[in-house]
Amino acid sequence: MRRKLLTRDNADHKPTVRLTDRDLAIIKSVYEHRALTTPQIQRMHFPAGQEGSERGRLVHCQHRLKLLYHNGYLTRDERPTKLSEGREALVYFLDTLGAKLLASYYKVDISELDWRPRDNTAGANHLFIDHLLHTNDVRIALTRAAQVDGWDVTRYVDDRDLRRKEMREYVQLPGESERIAIVPDGFFTLNSDQGTFHHFLEVDLRTVVGLSSKTGRRDWSRKVHAYLEYFHGGRYTARYSAKSFRVLTVTTGATRLRNLLEITEDAGGKSLFWFTTLDAVAALQSLSEPIWTVAGREGLLHLV
């Protein structure tokens, strides 16, 4: 595996930076998403239709990120790759000066931020970084598509918060002695004057067995049963003060999608469970585009 040695310029050669509103927005986005690549930051803060050509926007984005990195607001790392695969995009994380800036902006002590210097220790070599970055791809795409249609993505809760003791939810399935934790990859609400929709997000990279022959083993079928129990048992309503939700599953391709859909329907899951692919979400321009396959229903549907 190849990893590039990334070092900051020393104090004598450090480029000066005058922070802009967009720089602050970038720092906030990296904090909120925990890790973002250069292309993700470009899509969010240097979008098409602004400031000239695609190449020009990329160069501008890279320049601002370089300044934020060398001045200590962000840190960055390169994911390990095989020599034959070429280099991946750099991954950016919040660093100490960025945390101090946000603490001042939010008028809180830095200790109150959901960030610690040790969060960056593992960097882009962390076991779960690919899953986090894929989840952020989906989050960014859905947020941008919602804005096109006049919807707001509100109340986004990521998997780290959902795993916390005070947020983690459990259900008990009939015939099983152990409880199952409900820990999706995210939860968010879509709001507009047309209505309100609540969603759990599952980003499936084929790391979960579809259907296991062993009772009690963690597999997709058991996850479906857990969501159904969470819905019908009343714990969801008690936690989120809402009566309904959808489980949006974004997976690797059409074959895996069909497999998960079949397992979901066999497990009794119907209109709660919506499926699409990473490629379909990446190309999404509007929430009105029909890219979703819904358990128990025919054809492709749009989200709103």
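Our structure is the block above this text.
Here goes a summary of the coordinates provided. (Residues numbered from 1 in each chain as written. Predicted model: local features only at pLDDT ≥ 70, side-chain atom pairs only at ≥ 80, totals over all residues. Heavy atoms only, no water.)

What about the packing of aromatic side chains?
Scanning the entire structure with this criterion turns up 17 aromatic pairs. With a centroid separation of 5.0 Å and an interplanar angle of 55°, the aromatic rings of F187 and F200 are classed as tilted. With a gap of 13 residues between them, F187 in strand β7 (residues 186-192) and F200 in strand β8 (residues 195-203) connect regions that are remote in the sequence. Assigned by exposure class, F187 and F200 land together as buried. For the pair F200 and Y227, a centre-to-centre distance of 5.7 Å together with 45° between the ring planes defines the contact as tilted. One end of the pair, F200, is in strand β8; the other, Y227, is in helix α7 (residues 220-232), and 27 residues separate them in sequence. Grouping residues by exposure puts F200 and Y227 together as buried. Feature note: the residues F187, F200, Y227, Y230, F231, Y236, Y240, F245 and F273 constitute an aromatic cluster, connected by ring pairs. Looking at R139, its charged tip hangs above the ring of Y156, at a distance of 3.8 Å from the centre. (Phe/Tyr/Trp six-rings, centres within 6.5 Å; stacked < 30°, edge-to-face > 60°. Helix = DSSP H or I, 4+ residues; strand = E, 2+ residues; numbered from the N terminus. Buried < 20%, exposed > 50% of the residue type's maximum accessible area, 1.4 Å probe, protein only. Lys NZ or Arg CZ within 6 Å of the ring centre and 35° of its normal.)

Observations concerning a negative patch on the surface
Together, E262, E265, D266 and E298 line one region of the surface with negative charge. As for its position among the elements, E298 is in the loop between β11 (292-294) and β12 (300-301). Looking at E298, the relative accessible area reads 76%, which means it is exposed. (Patch = residues over 30% accessible without salt bridge, like charges linked within 9 Å, V, L, I, M, F, W, Y side chains within 5 Å. Areas by Shrake-Rupley, 256 points an atom, 1.4 Å probe, with all protein chains shown as cover. Salt bridge = Lys/Arg side-chain N within 4 Å of Asp/Glu carboxyl O. Lys, Arg positive; Asp, Glu negative; His and termini not counted. Charge placed at Lys NZ, Arg CZ, Asp CG, Glu CD.)

What about the sheet that holds strand β1 (residues 36-37)?
Ordered by their spatial adjacency, three strands build an open sheet running β1-β3-β2, and the pairing between neighbours is antiparallel. The open sheet has two edge strands with one neighbour each: β1 and β2 (74-77). (Pairing = 2+ DSSP bridges.)

What about the nonpolar core?
Judged by nonpolar contacts, the single largest core of 28 residues is most densely connected at F200, Y236 and F273. Secondary structure elements with two or more residues in this core: β6 (180-182), α7, α8 (235-240), α9 (254-266) and β10 (273-277). Ranked by residue count, the leading element in this core is α7, at six residues. Residues contacting F273, with those up to four places away along its chain left out, are V224, Y227, L228, V247, T264, T293, V294 and A295. (Core = buried A, V, L, I, M, F, W, Y, C linked by side-chain atoms within 4.5 Å. Contact = heavy atoms within 4.5 Å.)

What about the layout of surface pockets?
In this approach, a probe sized like a water molecule rolls over the atoms, and the result shows the empty space that is left. Roughly 1200 Å³ of internal volume is contained in the largest pocket. F128, H131, D159, R163 and D185 are the residues nearest the centre of the largest pocket, which is lined by 46 residues in total. Listed by contribution, the elements that provide at least two residues to the lining of the largest pocket are α1 (21-33), β3 (91-94), α5 (129-148), α6 (159-162), β6, β8 and α7. For the lining of the largest pocket, the class distribution of residues is 22 nonpolar, seven polar and 17 charged. Here the second largest pocket is characterised by a volume of approximately 390 Å³. (1 Å grid on protein atoms, 1.4 Å probe; cavity = no way out; pocket = protein on both sides within 12 Å on 5 of 7 lines; lining within 4 Å. Points joined across faces, edges and corners; volume = space filled by probe spheres on them. Nonpolar A, V, L, I, M, F, W, Y, C, P; charged D, E, K, R; others polar.)

Focus: empty space enclosed by the protein
Tallying each qualifying case throughout the model produces three cavities of 30 Å³ or more. Looking at the largest cavity, its volume works out to about 60 Å³. Every residue lining the largest cavity is listed: E32, H33, R34, L132, T135, N136, R139, Y156, D158, D159 and D185. Elements supplying a minimum of two residues to the lining of the largest cavity: α1, α5 and β4 (152-158). At four residues, α5 tops the list of elements feeding residues into the lining of the largest cavity.

Comments concerning the packing of α1 against helix α2 (residues 38-45)
One way to put it is that α1 packs onto α2 with a least axis distance of 11 Å and a crossing angle of 125°. Classified by the angle between their axes, α1 and α2 sit oblique to one another. Note that α1 runs across α2; the crossing there is right-handed. Residues R22, A25, I26, S29, V30 and H33 of α1 pack against I41, M44 and H45 of α2. (Axes fitted to C-alpha atoms, helices over the stretch in contact; angles between N-to-C directions. Parallel < 35°, antiparallel > 145°, perpendicular 65-115°, else oblique. Left-handed = near helix turned anticlockwise from the far one by under 90°.)

Comments concerning the pattern of salt bridges
Within the structure shown, the criterion is met by 15 salt bridges. One salt bridge in this structure joins R64 and D23, with 2.6 Å as the shortest N-O distance. Of this pair, R64 sits in helix α3 (residues 54-70) while D23 sits in helix α1, placing them 41 residues apart in sequence. For R64, a relative accessible area of 14% translates into the label buried. In this structure, R222 engages E176 in a salt bridge whose closest nitrogen and oxygen atoms are separated by 2.6 Å. Pair noted here: R222 is in helix α7 and E176 is in the loop between β5 (169-171) and β6, with a separation of 46 residues, a long-range link. A network of salt bridges, in which partner residues are shared, links R34, D158, D159 and R163.

It is worth stressing that arrangement in space is one thing and function is another; only the former is reported here.
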